[in-house]
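# Summary of structural features
The chain contents come next:
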Amino acid sequence: MKLFEKIYDKTIELSKHRLAAFWLSFVSFIEAIFFPILPDVMLIPMSMSRPENTFKYAVYTTIASVLGGIVGYFIGVYATDWVQGIIANWGMQANFDRAKMWFETWGVAVVFLAGFSPIPFKVFTVCAGILQMAFFPFVITAAISRFARFILVAKLSAWGGKKYEARIRHSIELIGWGTIVLAVVAYLIYKLLN
């Protein structure tokens, strides 16, 4: 079944659309609040197909992500009880407690790590608000870490894009199904250990 190849082709096609930068910014904004799909899914093919725009794409993605992070932060500040109810109802209390401990131990460094890594940024933006982390250090750290991550992703995609595009497309089914298998195995191991 050629599921991921079709998705890949459609993503490449959409990355060349005239509104692609808008949609990249929109996905980046909502991902920092609640959306489960990372903006990298759009940033990578856009940078591959238009390497001359990688810096611009990284800036758009960063600005939108930080603005979304600010919304997430204020959701944490003003809707603490509601958010904590969702956390409890979805069985994520242990994850929240772990994030809270990280904030208490490392402070603003946690925002930097979350912004630069593929760890869901939304967890840390809302958690920073719930814990009432200082707002300006939160915004500055988020901006630096998100830009560092997105410029790295964009530049690497642009650099390897044209050279590796055919290889990626040829291997996309293996990459896609392999990622799903790894995610399921990681989830099962997590459930067994907790």
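Residues numbered from 1 in each chain as written. Predicted model: local features only at pLDDT ≥ 70, side-chain atom pairs only at ≥ 80, totals over all residues. Heavy atoms only, no water.

### Looking at the pattern of salt bridges
- In this structure the tally under the stated criterion is three salt bridges.
- A salt bridge links K122 to E31; the nearest nitrogen and oxygen atoms lie 3.3 Å apart. In this pair, K122 is assigned in helix α8 (residues 121-130) and E31 in helix α2 (residues 20-31), connecting sequence segments 91 residues apart. Take K122 and E31: they sit in the same class, and that class is buried. (Salt bridge = Lys/Arg side-chain N within 4 Å of Asp/Glu carboxyl O. Helix = DSSP H or I, 4+ residues; strand = E, 2+ residues; numbered from the N terminus. Buried < 20%, exposed > 50% of the residue type's maximum accessible area, 1.4 Å probe, protein only.)

### Notes on the UniProt feature "transmembrane region" (unreviewed entry) in the protein
- Following the UniProt record, the feature "transmembrane region" (unreviewed entry) maps to residues 20-38, 58-80, 101-121, 133-153 and 174-193 here.
- Summarising residues 20-38: 63% helix, 0% strand, and an end-to-end C-alpha distance of 15 Å.
- What you have in residues 58-80 is 96% helix and 0% strand, and the ends, taken at the C-alpha atoms, are 31 Å apart. (UniProt positions renumbered as here; feature names shortened; annotations may be inferred.)

### Observations regarding the packing of aromatic side chains
- By the definition in use, this model includes 12 aromatic pairs.
- Centroid distance F22 to F26: 6.4 Å. Interplanar angle 15°. Geometry classified as stacked. Here F22 pairs with F26, and both are found in helix α2, just four residues apart, close to one helical turn.
- Judged by its relative accessible area of 37%, F26 falls in the partly exposed class.
- When the centroid spacing of 5.7 Å and the interplanar angle of 90° are considered together, the rings of W23 and F26 count as edge-to-face. Placement of the pair is W23 and F26 together in helix α2, with a separation of three residues, close to one helical turn. (Phe/Tyr/Trp six-rings, centres within 6.5 Å; stacked < 30°, edge-to-face > 60°.)

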